[in-house]
Amino acid sequence: MASVAGISSLLCIVNSRNLAGPVSLARTLADVLFINQHRKITSTTRSYSRNSKGTNFTCDSSASVDVRPIATISSSSSSSSSSSSSSSSSVNSYPKYGRLLPCPSENGPPRVEHLVVSEGGPVLEYITEALNLPPLFVADLIQFGAVYYALVCPKPPPSATPEQIKLYKEVTAPSVLKKRTSIKGKTVREAQKTFRITHVDEFVEAGTYLRVHVHPKRFQRCYEIDWRSRIIAVTESYVVLDKPAGTSVGGTTDNIEESCATFATRALGLTEPLKTTHQIDNCTEGCVVLARTKEYCSVFHGKIREKRVKKLYLALAAAPVPTGVITHYMRPINMAPRIISEDLIKGWYLCQFEVLECNKVPWPTAVLEEKYSVEDCGWPSRDFAYECKINLLTGRTHQIRAQLAACGAPIVGDSMYMRAAIAENGSPGLHPFGKYKQQYTSDDDRALAVEEWIASHGKEPGVAIGLQACQISWDDGEHFYEARSPWWRTEDR
């Protein structure tokens, strides 16, 4: 356990640094930490005598990570993985490790591992042995927030194999569960709730379910930003940040380190981490409010619920948009791309914004598009764009992006929705809920049309699109803040 404490203390060193500096600084810190930590770990890893690897459920996918538990058992792939890793192993039999810092320029394919603990012990030791991963790597995954646990294994999905179903029944049998004092007084559903592992020395008992995001989604942009220059205001209760495009406000399921909240906290030298009060998309820039206390976080959430917070956006559309209120209805499925309808459908969410003005402007230059990694999505006319000032009346995920695309005016650089808009322009009626929607003779035909429409969308943008949260205010303007000029307005940014 001394080695675990050593990992924890060394991680605190890097966490206390202000990582808002240049990438070279992060690279130097990472190299030094790797050398020092590797020296300490190699002398202790040989003491890992347990060989209880537990039951390993594996989910390897090049698509977006599905955080639901249990995909496929892959004992054969695990063994092949072990044999391949042994050829590149270090002297302590673990694969060579290059640290989570510096941040890679590209994300690797998502990989999620699902384990059921067969013998209790420290979580770092267990994952290290079960997945044959270097202890330093597992410690960093925990620091990134990429490891979760549940007291009881969640129910497998319908696609689970007979072996998985059998194992699930074994570890959740009433005769097994009643012997576990940790779940007494809890329903099975309560015990199946997942929580983030926060400490490398946290104890996990036999029967605990673990979910390990081995390849967390990374945000290299975090290391390229002068974060202090992005601070708009600092008060006793909150901080207002001009969020850069290509970053996450509060982190992702598998990465809470590389987030606006974390880097703004460090840039300001705060002892308490800033807290997320609301979200904007990773590819969107502009005003976000971060609470300094849990109390103000709750207060601001209340203001949002009471519609006392006003948000204005600037959207760079590929085609003109009429002024006035635009209304759609969004399918209540929490999955991208978001599907919207012009007609009211029972159970679908109301989506409304008001276009206050729409001005014809030059399309961003190639220099700007390259600087902000704006994707060329194949829009046929690239001489002019249309800057729209939008008052957001309802706040749905991807709302402005999906609504403008449905109007035939997708946002510049929006690789997800612009491609679908181009497809609809070429084949009117492809959108099953659009202006030229077809009449379907059966639910199966409609479901097939929806799948085809989803397939016409592209992937999520990498860094920036033409969308900025330009203003935020609340309490009738008593608190009012503006972002800097959007990226597309000047070559100087």
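These numbers come from a predicted model, not from an experiment.

A short note on the overall build of the protein
Secondary structure assignment for the protein yields 14 helices and 19 strands. Taken across its 493 residues, the protein has 52% of its residues classed as buried. Across the protein, every contact between residues at least 6 apart in sequence was considered, and the portion connecting residues at least 24 apart equals 75%. Surface summary for the protein: the accessible area is close to 23400 Å², and the carbon and sulfur share equals 52%.

Things to note about the nonpolar core
Formed by 59 residues in total, the largest nonpolar core has its most connected members in W227, Y313, V321, F353, I390, I400 and L404. Those residues in contact with I390 that sit more than four places away from it in its chain are K311, L312, Y313, A315, F353, E354, V355, I400 and L404. If you look at the next biggest cluster of nonpolar residues, it comprises 24 residues, including L115, A130, I142 and V200.

As for the environment of D343
Within the element layout of this structure, D343 appears in the loop between β15 (340-341) and β16 (349-362). For the pair D343 and Y329, spaced 14 residues apart in sequence, the C-alpha to C-alpha distance is 7.0 Å. Every residue in contact with D343, bar those within four places of it in the chain, is listed here: Y329 and K437. Within the local environment of D343, its side chain forms a polar contact with the side chain of K437, the two groups lying 2.6 Å apart.

Points about the packing of helix α4 (residues 123-131) against helix α5 (residues 135-144)
It is the contact of α4 with α5, at a shortest axis distance of 9 Å, that shows an interaxial angle of 125°. The angle between α4 and α5 falls in the class oblique. Here α4 runs over α5; the crossing is right-handed. Note on element contacts: α5 touches α4 through P135, V138, A139 and I142, opposite V123, L124, I127 and T128. Counted by class, the contact of α4 with α5 contains seven nonpolar, one polar and no charged residues.

Looking at α5
Of all 10 residues in α5, nine are buried; the element is thus mostly enclosed. Where α5 is concerned, the buried positions are P135, L136, F137, V138, A139, D140, L141, I142 and F144. Count one or two residues on from α5 and you reach G145, which has phi positive near 80°.

Some points on unusual backbone geometry
If a residue is not glycine, its phi is most likely negative; likewise, a peptide bond is most likely trans. In this model, A336 is joined to P337 through a cis peptide bond whose omega is 0°. Along the chain, P337 falls in the loop between β14 (324-330) and β15. With phi around 65°, H398 is a residue other than glycine that occupies positive phi space. Examined against the element boundaries, H398 turns out to sit in the loop between β17 (384-392) and α12 (399-406). Within the chain, D476 stands out as a residue other than glycine whose phi angle is a positive 55°.

Quick word on the pairing of β17
Among the nine residues in β17, seven count as buried, and that is most of the element. Inspection of the sheet shows strand β13 (residues 309-317) paired to β17 by six bridges, in the antiparallel sense. Of the residues in β17, the one forming a bridge with L316 is E387.

A look at the pattern of salt bridges
All told, the structure shown has 18 salt bridges when counted by the stated rule. Of the charged contacts, one joins D475 and K303 as a salt bridge, the two residues approaching to 3.1 Å between their closest N and O atoms. Pair noted here: D475 is in the loop between β18 (467-474) and β19 (479-482) and K303 is in helix α10 (residues 294-305), with a separation of 172 residues, a long-range link. Overall, K303 belongs to the buried group, its relative accessible area being 9%.

Side note on the state of the cysteines
Tallying each qualifying case throughout the model produces zero disulfides. The thiol of C358 is not disulfide-bonded; the next cysteine sulfur, from C388, is found 3.4 Å away. Owing to a relative accessible area of 22%, C358 belongs among the partly exposed residues under this scheme.

What counts, and at which threshold
- Residues numbered from 1 in each chain as written.
- Predicted model: local features only at pLDDT ≥ 70, side-chain atom pairs only at ≥ 80, totals over all residues.
- Heavy atoms only, no water.
- Helix = DSSP H or I, 4+ residues; strand = E, 2+ residues; numbered from the N terminus.
- Buried < 20%, exposed > 50% of the residue type's maximum accessible area, 1.4 Å probe, protein only.
- Contact = heavy atoms within 4.5 Å.
- Areas by Shrake-Rupley, 256 points an atom, 1.4 Å probe, with all protein chains shown as cover.
- Core = buried A, V, L, I, M, F, W, Y, C linked by side-chain atoms within 4.5 Å.
- Polar contact = N/O pair within 3.5 Å; in protein donor to acceptor, adjacent residues only side chain to side chain.
- Axes fitted to C-alpha atoms, helices over the stretch in contact; angles between N-to-C directions.
- Parallel < 35°, antiparallel > 145°, perpendicular 65-115°, else oblique.
- Left-handed = near helix turned anticlockwise from the far one by under 90°.
- Nonpolar A, V, L, I, M, F, W, Y, C, P; charged D, E, K, R; others polar.
- Pairing = 2+ DSSP bridges.
- Salt bridge = Lys/Arg side-chain N within 4 Å of Asp/Glu carboxyl O.
- Disulfide = S-S within 2.5 Å.

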